[in-house]
Amino acid sequence: QVQLVESGGGLVQAGGSLRLSCAASGRTFSSYAMGWFRQAPGKEREFVAAISWSGGSTYYADSVKGRFTISRDNNKNTVYLQMNSLKPEDTAVYYCAADRSYPTIITGTRIDYWGQGTQVTVSS
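Conventions adopted
Residues numbered from 1 in each chain as written. Predicted model: local features only at pLDDT ≥ 70, side-chain atom pairs only at ≥ 80, totals over all residues. Heavy atoms only, no water. Pairing = 2+ DSSP bridges. Helix = DSSP H or I, 4+ residues; strand = E, 2+ residues; numbered from the N terminus. Axes fitted to C-alpha atoms, helices over the stretch in contact; angles between N-to-C directions. Contact = heavy atoms within 4.5 Å. Buried < 20%, exposed > 50% of the residue type's maximum accessible area, 1.4 Å probe, protein only.

(A) Region of the structure containing the sheet that holds strand 3 (residues 18-24). Read from one edge of the open sheet, four strands run 1-3-8-7, paired in antiparallel fashion. Edge positions in the sheet fall to strand 1 (4-7) and strand 7 (68-73), since each of these pairs with one other strand and no more. Put simply, the sheet's adjacent strands are angled 15° from each other on average, direction ignored. In this structure, strand 3 lies alongside strand 8 (residues 78-83), joined through six bridges in antiparallel fashion. Opposite Cys22, over in strand 8, you have Val79 as the bridge partner.

Following this line, the structure appears as structure tokens:
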């Protein structure tokens, strides 16, 4: 069982930065691929970024490529999402996800564990 708790969301002006954190419980964190998803009001949840269990592979949605960076610290059981050059269209609830399969994280289907989400609001 893995529990995920996101933090770091908030209100920021366009062009600003935020760093989200996702703390995971359990001693098997390093066995899981991790990802970030987001859901804007009235829209479906969408994939943002993924990182393999070792951190050696990362993958991004085209909409955030070059602006967002996903990373992890397996010693701290934490995954991060550094978000730079934020745009109003980045406004959403951001969710952390964990799954033993890296491809599953990227596709977003039948993911094992989800966090509760943290709100990110970007003002214009």
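There is more to say, and it comes next.
(B) Up close: the side chain of Asn77. Along the chain, Asn77 turns up in the loop between strand 7 and strand 8. When near neighbours in sequence (up to four residues on either side) are disregarded, Asn77 contacts Cys22, Ala23, Ala24, Ser25, Gly26 and Phe29.

(C) Structural view of the environment of Ala33. Mapped onto the secondary structure, Ala33 falls in strand 4 (residues 33-39). Looking at Ala33, the relative accessible area reads 2%, which means it is buried. Placed 62 residues apart in sequence, Ala33 and Tyr95 show a C-alpha to C-alpha distance of 14 Å. For Ala33, the residues in contact, after removing those within four places along its chain, are Ile51, Ser52, Trp53, Arg72, Ala97, Ala98, Asp99, Ser101, Tyr102 and Ile105.

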